[in-house]
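Spelled out, the chains give:
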Amino acid sequence: MAGRLEAELSFHAPVNKWVWQGTPGATEGSIVSADMDLNQIEAFLTAQTKKQGGITAEQSLVIAKFWKNHKKKIRESVINQSKWENTLKGLKWRIDVKSQSRHVDQVNSAAAIVEMEIGTKDKDSEFLCIELNETKMNEVLKKLSEVEEGLAALTQTG
């Protein structure tokens, strides 16, 4: 039985979709969405085997083996299917300091140069180059801190 189930869990590359068959319920969806490591999947599948109408021990072994062998491909597939727009493909930055200027007050002033590569897998990338003086850079860093705090507040459990 385990061999049959293993054959039914397969990746269909032409349609870029994972097909799970032979497992009742939403077991596989929970595994993928939680991006479970091996310890988490073992605990989760053990609980599923004990649940009324859950999976069998053989199915649990097959799912765990399949996830262990194909986790990276499954994760990449799910991420690619969830991208609707362009994504950040690359980021380069540097700090330039002016050593000469017509205006004395601009000598030794710093500027951050940020280059972003934006695009999709199927199209050529576009490049966006931004130059920020110290004031603008501080504003950007403040906004990023606010975003980080907001994300931390959303992910805290208590």
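Refer to the structure presented above.
Residues numbered from 1 in each chain as written. Predicted model: local features only at pLDDT ≥ 70, side-chain atom pairs only at ≥ 80, totals over all residues. Heavy atoms only, no water.

Peer 1: Could you give me a rundown of the overall build of the protein, with the residues and numbers involved?
Peer 2: Scanning the protein from N- to C-terminus turns up five helices and five strands. Listed by position from the N terminus, the elements making up the protein come as α-β-β-α-α-α-β-β-β-α. A buried classification covers 19% of the 158 residues belonging to the protein. Long-range pairs, those at least 24 residues apart, make up 42% of the contacts in the protein between residues at least 6 apart in sequence. When the accessible area of the protein is evaluated, it comes to approximately 12,100 Å², of which 53% is carbon and sulfur surface. (Helix = DSSP H or I, 4+ residues; strand = E, 2+ residues; numbered from the N terminus. Buried < 20%, exposed > 50% of the residue type's maximum accessible area, 1.4 Å probe, protein only. Contact = heavy atoms within 4.5 Å. Areas by Shrake-Rupley, 256 points an atom, 1.4 Å probe, with all protein chains shown as cover.)

Peer 1: So what about helix H4 (residues 57–82)? Which residues, and what values?
Peer 2: Over its 26 residues, H4 runs only 32 Å from end to end, short of the ideal 38 Å by more than 12%, given 1.5 Å per residue. Maximal helix bending in H4 amounts to about 75°, located at His70. Within the sequence span of H4, burial applies to Gln59, Ser60, Val62, Ile63, Phe66, Trp67, Ile74 and Ser77. (Expected span 1.5 Å × (residues − 1). Bend = angle between axes of the 7 residues up to and from the residue.)

Peer 1: Report on the environment of Ser125, specifying residues and quantitative values.
Peer 2: Take Ser125: it is sitting in the loop between strand E4 (110–119) and strand E5 (126–133). A relative accessible area of 21% means that Ser125 is categorised as partly exposed. Between the C-alpha atoms of Ser125 and Lys89, which are 36 residues apart in sequence, the distance is 8.2 Å. Once residues lying within four places of it in the same chain are set aside, the contact partners of Ser125 are Lys89, Glu117 and Ile118. Here the side chain of Ser125 touches Lys89 through a polar contact of 3.2 Å, side chain to side chain. (Polar contact = N/O pair within 3.5 Å; in protein donor to acceptor, adjacent residues only side chain to side chain.)

These values are about where atoms sit, not about what they do.
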